Amino acid sequence: MRVTDRGQSKHVRERPSKNSSLSPDAWTDAALSALAIHGIDGVRVEVLARDIDVTKGSFYWHFKDRDALLVKMLERWRERTTLALMKRLDSASEFPEERLRQLLRLPMQRERSAFAAEVELAIRMWSRKDARALAVLEEVDELRLSYIERLLIGSAVPASVARARAVLAYSYMRVAATLVPPSAEALMGQCEDLIIGK
């Protein structure tokens, strides 16, 4: 989630290849990378076109205007970081506790998770001044909290405290990567046990 004072991110995805730069997803990915580095004001069509080495005309082939791109960015972020993740976890294990432990460790996967955290931080900043971004962010937060709550209940946590523990788990996921080194397996296990109530 770190962006330096000079606006240079430590974890930035590679530019889309020229062969893929004409697709809507390539434009959206480039826009999300720009968002992570520069914030929402840095998401500009002319800059994105230069970054992926195409003309602005390519952009207008896929999007009516910049606003349409912003909508697509929020949709893609919601799908990738929440809905697709839930589906992947649900298909990986039939045991709720195992899925929950996998989820709690995702932020510790440094490089991949760092970029996702930077994008999310930028969206949270964007939501402070944009009602549409705020609405998507609130929906995503509720989807995630409800999912964690269901996993906790499936792990034999009483329903009466599952929501509170879901809030604690979600808060842990937001900051744990800055406090717990990836090598601290025992400490991560202890944190997970406390959240689950083992």
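Being a predicted model, the structure only gives us computed values, none of them experimental.

S.K.: When you look at the packing of aromatic side chains in this model, what are you seeing that I'm missing?
M.R.: Any two aromatic rings considered together are summarised by their centre-to-centre distance and by the angle between their planes. In total, this model carries 3 aromatic pairs according to the counting rule given. Look at Phe-59 and Tyr-60: their rings are 4.9 Å apart centre to centre, the planes differ by 90°, and that puts the pair in the edge-to-face class. Owing to a relative accessible area of 45%, Tyr-60 belongs among the partly exposed residues under this scheme. Their ring planes at 25° and their centres at 5.1 Å tell us that Phe-59 and Phe-63 sit as a pair that is stacked. On the basis of relative accessibility, which here comes to 0%, the residue Phe-59 falls in the buried class. With relative accessibility at 7%, the residue Phe-63 sits in the buried group. Every member of this aromatic cluster is reached through a ring pair, and the members are Trp-27, Phe-59, Tyr-60 and Phe-63.

S.K.: Is there a simple way to think about the packing of helix 5 (residues 96–105) against helix 7 (residues 131–154) in this case?
M.R.: Helix-helix packing: each pair is described by the crossing angle between the helix axes and the interaxial distance. Contact pair helix 5 / helix 7: the axes reach a minimum separation of 8 Å and the direction vectors enclose 135°. Accordingly, the angle class assigned to the pair helix 5 and helix 7 is oblique. Seen along the crossing, helix 5 lies across helix 7 with a hand that is left-handed. When helix 5 is examined against helix 7, the residues Pro-96, Arg-99, Leu-100 and Leu-103 are found in contact with a partner set consisting of Tyr-147, Ile-148, Leu-151, Leu-152 and Gly-154. Taken together, the residues of the contact of helix 5 with helix 7 sort by class into 7 nonpolar, 1 polar and 1 charged.

S.K.: Even after reading the chapter, I still don't get the environment of Phe-63, so can you show me in this structure?
M.R.: By the secondary structure assignment, Phe-63 is in the loop between helix 3 (56–62) and helix 4 (66–92). Each C-alpha atom, one on Phe-63 and one on Pro-24, is 7.9 Å from the other, the two residues being 39 residues apart in sequence.

S.K.: Can you help me understand helix 9 (residues 185–196) in this one?
M.R.: Here helix 9 is 12 residues long and its end C-alpha atoms lie 16 Å apart, about the 16 Å a rise of 1.5 Å per residue gives. Every buried residue of helix 9 is accounted for by Met-188, Gly-189, Cys-191, Glu-192, Ile-195 and Ile-196. What you see down the axis of helix 9 is that its buried residues fit within an arc of 160°, all on one side. Of the residues in helix 9, the exposed ones pointing more than 90 degrees away from the buried face are Ala-186, Gln-190 and Leu-194. For helix 9, the elements touching its buried residues are helix 5, helix 7 and helix 8 (159–179).

S.K.: What should I look at first to understand the pattern of salt bridges in this one?
M.R.: Between side chains of opposite charge, pairing is possible as soon as their charged atoms come close. If you walk through the whole model with that rule in mind, you get 17 salt bridges. The salt bridge involving Arg-99 is made with Asp-90; its shortest N-O contact spans 3.1 Å. Classification of Arg-99 by relative accessible area gives buried; the value is 12%. For Asp-90, a relative accessible area of 39% gives the class partly exposed. Across the pair Arg-163 and Glu-142 runs a salt bridge, and its minimum N-O distance is 2.7 Å.

Here is what the cut-offs are and how they apply
Residues numbered from 1 in each chain as written. Predicted model: local features only at pLDDT ≥ 70, side-chain atom pairs only at ≥ 80, totals over all residues. Heavy atoms only, no water. Phe/Tyr/Trp six-rings, centres within 6.5 Å; stacked < 30°, edge-to-face > 60°. Buried < 20%, exposed > 50% of the residue type's maximum accessible area, 1.4 Å probe, protein only. Axes fitted to C-alpha atoms, helices over the stretch in contact; angles between N-to-C directions. Helix = DSSP H or I, 4+ residues; strand = E, 2+ residues; numbered from the N terminus. Parallel < 35°, antiparallel > 145°, perpendicular 65-115°, else oblique. Left-handed = near helix turned anticlockwise from the far one by under 90°. Contact = heavy atoms within 4.5 Å. Nonpolar A, V, L, I, M, F, W, Y, C, P; charged D, E, K, R; others polar. Expected span 1.5 Å × (residues − 1). Arc of directions from axis to C-beta. Salt bridge = Lys/Arg side-chain N within 4 Å of Asp/Glu carboxyl O.

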